[in-house]
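# Understanding the architecture of this molecule
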Amino acid sequence: MSDITAGSARRDPYRLSRTGGHGHGPLSATGHGQGGPASKFVTVAYGFWIFLLSDIIMFSAFFAAFAVLSKATASGPTGKELFELTRVAAQTGLLLTSSFTGGLATLATHRRSMAATQFWLLVTGLLGVAFLFLEVQEFAAMASEQAGPSRSAFLSAFFALVGCHGTHVGLGLLWLGTMMAQLWVKGFRPEMLRRLHCFGLFWHALDIIWVAIFTLVYLLGASP
């Protein structure tokens with residue numbers, strides 16, 4: 001009690017408005033910096049990290065379901081018969097490259113270069129569209145071979161997991177296009193910088209999930 005009131009109170013940088021009720025004086029918090037709350041950039045990024053973690057938990061459930069059902073083919077086609085690793089490797093290269101160009105867009109944003117930022121965001125979007133095109137092509141080829149999601153529990157789990165990731169990529173592309181238009185109109189305002197930062201986190205998270213899909217679903221599924 002005596003420590004708080006006597007010595008440590010003056011050294012506590014997080015005391016808020018302890019000035020006898022007037023809100024002015026040497027110990028009054030300004031609402032910014034060391035004596036105030038975190039900036040909006042930090043709080044938005046923190047909230048978005050929580051969203052990403054919840055999304056990863058959801059994908060973990062899909063991965064667990066696929067692991068349990070991967071052998072439940074019901075006498076239907078197996079992963080080794082269906083998966084075309086050349087196409088999947090191309091998808092992986094496209095998505096990883098898009099993550100790299102997304103990083104270049106972030107660097108251009110730090111330089112406040114509108115042309116470079118828009119260019120690298122456009123390249124990121126085109127690579128994402130190419131990735132999605134190959135995925136839709138794969139789904140269509142499987143459906144034409146009577147290997148749709150209703151064929152077996154294995155295929156239901158496969159389409160749920162890979163389709164969920166593809167849906168995320170599609171929504172990310174929609175977000176990217178909207179953000180590019182807003183960036184062009186509004187410029188490098190604080191809210192745009194926050195959105196660009198959150199988009200970068202989202203896109204990198206999709207990369208990590210895809211690497212897990214590539215390894216656990218396609219490579220292991222195509223192995224003897």
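Now for a look at the structure at hand. (Residues numbered from 1 in each chain as written. Predicted model: local features only at pLDDT ≥ 70, side-chain atom pairs only at ≥ 80, totals over all residues. Heavy atoms only, no water.)

Two quantities define a packed helix pair, namely the angle between the axes and the distance from one axis to the other. Viewed as axis vectors pointing N to C, helix H2 (residues 40-69) and helix H6 (residues 153-186) meet at an angle of 155°, and their least axial separation amounts to 7 Å. Considering the angle they form, H2 stands roughly antiparallel to H6. Once H2 is placed against H6, the crossing between them reads as left-handed. Where H2 approaches H6, its residues Phe 48, Asp 55, Met 58, Phe 59, Phe 62, Phe 63, Ala 65, Phe 66 and Leu 69 are matched on the opposing element by Ala 153, Phe 154, Ala 157, Phe 158, Ala 160, Leu 161, Cys 164, His 165, His 168 and Trp 175. Among the residues forming the contact of H2 with H6, the class breakdown is 16 nonpolar, 2 polar and 1 charged. (Axes fitted to C-alpha atoms, helices over the stretch in contact; angles between N-to-C directions. Helix = DSSP H or I, 4+ residues; strand = E, 2+ residues; numbered from the N terminus. Parallel < 35°, antiparallel > 145°, perpendicular 65-115°, else oblique. Left-handed = near helix turned anticlockwise from the far one by under 90°. Contact = heavy atoms within 4.5 Å. Nonpolar A, V, L, I, M, F, W, Y, C, P; charged D, E, K, R; others polar.)

Let us look at the side chain of His 165. Mapped onto the elements, His 165 comes out in helix H6. For His 165, a relative accessible area of 0% puts it in the buried group. Apart from residues lying up to four places away in sequence, His 165 is in contact with Phe 59, Leu 95, Phe 131, Leu 206, Ile 209, Trp 210 and Ile 213. (Buried < 20%, exposed > 50% of the residue type's maximum accessible area, 1.4 Å probe, protein only.)

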